[in-house]
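Here's the letter readout for the chains.
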Amino acid sequence: MGESWLARMAAGVLVGVALAACAVGGGVADEVNLVPLPSEVEILPAGFALDEPMVISAPPEAAAVAGHLVRAVLDATGRRPELGAAGAVRLSLDAPQAGAEGYDLVVDPDGVRLSAATPAGLFWGVQTLRQLLPTGPGRQIDGIRVSDRPRFAWRGAMLDVARHFFAVADVKRYIDLISAYKLNVLHLHLSDDQGWRLAIDGWPDLTAVGGSTEIGGGPGGFYDADDYREIVAYARDRFVEIVPEIDLPGHTNAALASYAELNCDGRRREPYTGMKVGFSALCVGSPATDRFVSDVVAAVARLTPGPYLHIGGDEVQTLSAQEYAAFVERAQELVRATGKRMVGWQEIGKAKLAADSITQFWQTNDPPDEVQQAVRQGGKLVMSPASRVYLDMKYDADTRIGLDWAGFVEVRDAYEWDPATVVQGVGEQDVLGVETPLWTETVETIADVEYLAFPRLPAVAEVAWSPQRARSFDRFAARLASHAALWKRWDVTYHRSPQIPWAD
Ligand code: TNX
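Definitions and limits used
- Residues numbered from 1 in each chain as written.
- Predicted model: local features only at pLDDT ≥ 70, side-chain atom pairs only at ≥ 80, totals over all residues.
- Heavy atoms only, no water.
- Pairing = 2+ DSSP bridges.
- Helix = DSSP H or I, 4+ residues; strand = E, 2+ residues; numbered from the N terminus.
- Axes fitted to C-alpha atoms, helices over the stretch in contact; angles between N-to-C directions.
- Contact = heavy atoms within 4.5 Å.
- Phe/Tyr/Trp six-rings, centres within 6.5 Å; stacked < 30°, edge-to-face > 60°.
- Buried < 20%, exposed > 50% of the residue type's maximum accessible area, 1.4 Å probe, protein only.
- Salt bridge = Lys/Arg side-chain N within 4 Å of Asp/Glu carboxyl O.
- Near = heavy atom within 4 Å.
- Polar contact = N/O pair within 3.5 Å; in protein donor to acceptor, adjacent residues only side chain to side chain.
- Areas by Shrake-Rupley, 256 points an atom, 1.4 Å probe, with all protein chains shown as cover.
- Nonpolar A, V, L, I, M, F, W, Y, C, P; charged D, E, K, R; others polar.

Trainee: Which residues make up the sheet that holds strand 17 (residues 358-361), and what are the values?
Mentor: If you trace the eight strands once around the closed barrel, you get 10-11-14-15-16-17-18-19, paired in parallel fashion. Averaged over all neighbouring strand pairs, the angle between strand axes comes to 30 degrees, with direction disregarded. Two strands pair when backbone bridges link them, and strand 16 (residues 341-345) and strand 17 are joined in this way by three bridges, in the parallel orientation. By the bridge assignment for strand 17, tryptophan 345 is matched with glutamine 360. Helix-sheet contacts for helix 9 (residues 287-303) involve strand 14 (241-248) and strand 15 (308-312), and the interaxial angle to strand 14 is about 170 degrees.

Trainee: Break down the packing of aromatic side chains for me, with residues and values.
Mentor: Within the structure shown, the criterion is met by 22 aromatic pairs. The interplanar angle of 55 degrees and the centroid separation of 5.8 Å between the aromatic rings of tryptophan 196 and phenylalanine 292 together place this pair among those described as tilted. With tryptophan 196 in strand 13 (residues 195-196) and phenylalanine 292 in helix 9, this residue pair connects regions lying 96 residues apart in the sequence. On the basis of relative accessible area, tryptophan 196 is assigned to the buried category, the value being 1%. Accessibility expressed as a relative area gives 0% for phenylalanine 292, which makes it buried. Seen from their ring centres, tryptophan 362 and tryptophan 405 are 5.9 Å apart, and the 85 degrees between their planes marks the pair as edge-to-face. Taken as a pair, tryptophan 362 in the loop between strand 17 and helix 11 (369-376) and tryptophan 405 in the loop between helix 12 (386-389) and helix 13 (411-415) lie far apart in primary sequence, 43 residues in all. Using a relative accessible area of 6% as the deciding quantity, one classes tryptophan 362 as buried.

Trainee: Before we move on, can you summarise the pattern of salt bridges with the specific residues and values?
Mentor: Any two side chains of opposite charge can pair, given that their charged atoms come close. According to the stated counting rule, one finds 27 salt bridges in the structure shown. Arginine 238 is the salt-bridge partner of aspartate 237, the closest N and O atoms lying 3.3 Å from each other. Look at aspartate 237 and you get partly exposed, because its relative accessible area is 29%. Among the charged side chains, a salt-bridge network with shared partners connects Asp160, Arg163, Asp192 and Glu441.

Trainee: Please set out the site of the ligand residue by residue, giving values where relevant.
Mentor: The environment of the ligand is made up of 14 residues, and the closest members are Arg163, Tyr390, Asp392, Trp405 and Glu441. Within the side chain of arginine 163, an N or O atom sits 2.7 Å from an oxygen atom of the ligand. One nitrogen or oxygen atom from the side chain of glutamate 315 is found 3.1 Å from a nitrogen atom belonging to the ligand. Contact with the protein chains hides 97% of the accessible area of the ligand, taken as 370 Å² for the molecule alone. Of the residues belonging to the shell around the ligand, the class tally is eight nonpolar, one polar and five charged.

This is the structure we're talking about:
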């Protein structure tokens, strides 16, 4: 900041810097209603007037990001900006100090300068700008300087498309909403007892039979390879990585109902449309199961450009400890053979893990032994503590949909925790990130998804992005209140939590 910092101090217009101010309670960042809270914010004395048609300049590598900004400005102001050289709004890739996903932003009377080291950083900066844009024509973007870097590399949401199926358009809508809050991972739970949702070459009945059911008896559905590629491409255009999960060896009734040979007794199971968990498992160790798992892992890896493949591994109640561990170790070998990193729910900590395998903490009712075991083996964690971030938990006793086995989860619960202190023996260096899962036993429509995700998903996004020492629930709640106007514009269904001081 150097000279300009001193100059502004002298002029008496420096209002503060978020981190410094927040550390003593209340800060400048809270006067602008940004969520997630940036790492540094300074209010500048004058903003950028939107009285002339806006011209946006961007290097060719950032043309797609500039396109997102064009749509955002049109959506907010009703006026479509132009792309051109030497615009007042300039995107540039000349800020190596911003790292893989950070950005620096200045808005002043000269215009808007957004710089980053990567297109991803620019995209997250565009999400910040969206929250700063005035609504309606003839207004200004207030003066501001933001310097922002994420705390965690994995900032995820999970959508269970197995218990109830969600169409490609619904998944795209969710990608829009999560990326607006700077989440960069969408984990898709693609198979479970009640449905198999991804076509696998050579195994047509997985979708023809296993894809035709869902909880409550609805028609189910599945993604063919083109549908899945469309989702992946849409996500990548928003710097969101799709992490596909095929849940193995339990949660497999849909597969067991599709192929007799996957059952130890050689008999197909009946399709299942109820809500119980833990009753199903592949016939582990058999040649047919090994061929099945090899084919599935290879097919999913071929369709997925990202580095991760999630093999589930949760809640297997019908196998011995040895059978379970041997299965996970074999699955890990198959995943690694495709060049991907294996991800699994915390139970995989009981198996012998490669150091680059990733373990997802979820069970807050049990002692976290498995998670600690995974860390002792050198692995990194994704933190999804159910009592904090399970979006399928009810907000309170009156919530129309949702479950409550991990307790009620209000917005404050989702916000007020530190991923680096939630499990004994697990520190910041062991944590790759945070993910907020949405299981869909009771969730049938995208409006249901939105109702459970808003406003808790923005709370988790701030846990994942913002510096821990700058976070306070009361100030978050005050900032978040104004987002109801954005959600109204985007037609987002949300819960009017009594913990947020909504403006109207
Ligand atoms: C536990 S979390 C499960 C899911 C359920 C969820 C409901 C996890 C790895 N397994 O199968 O859908 O609870 O909240």
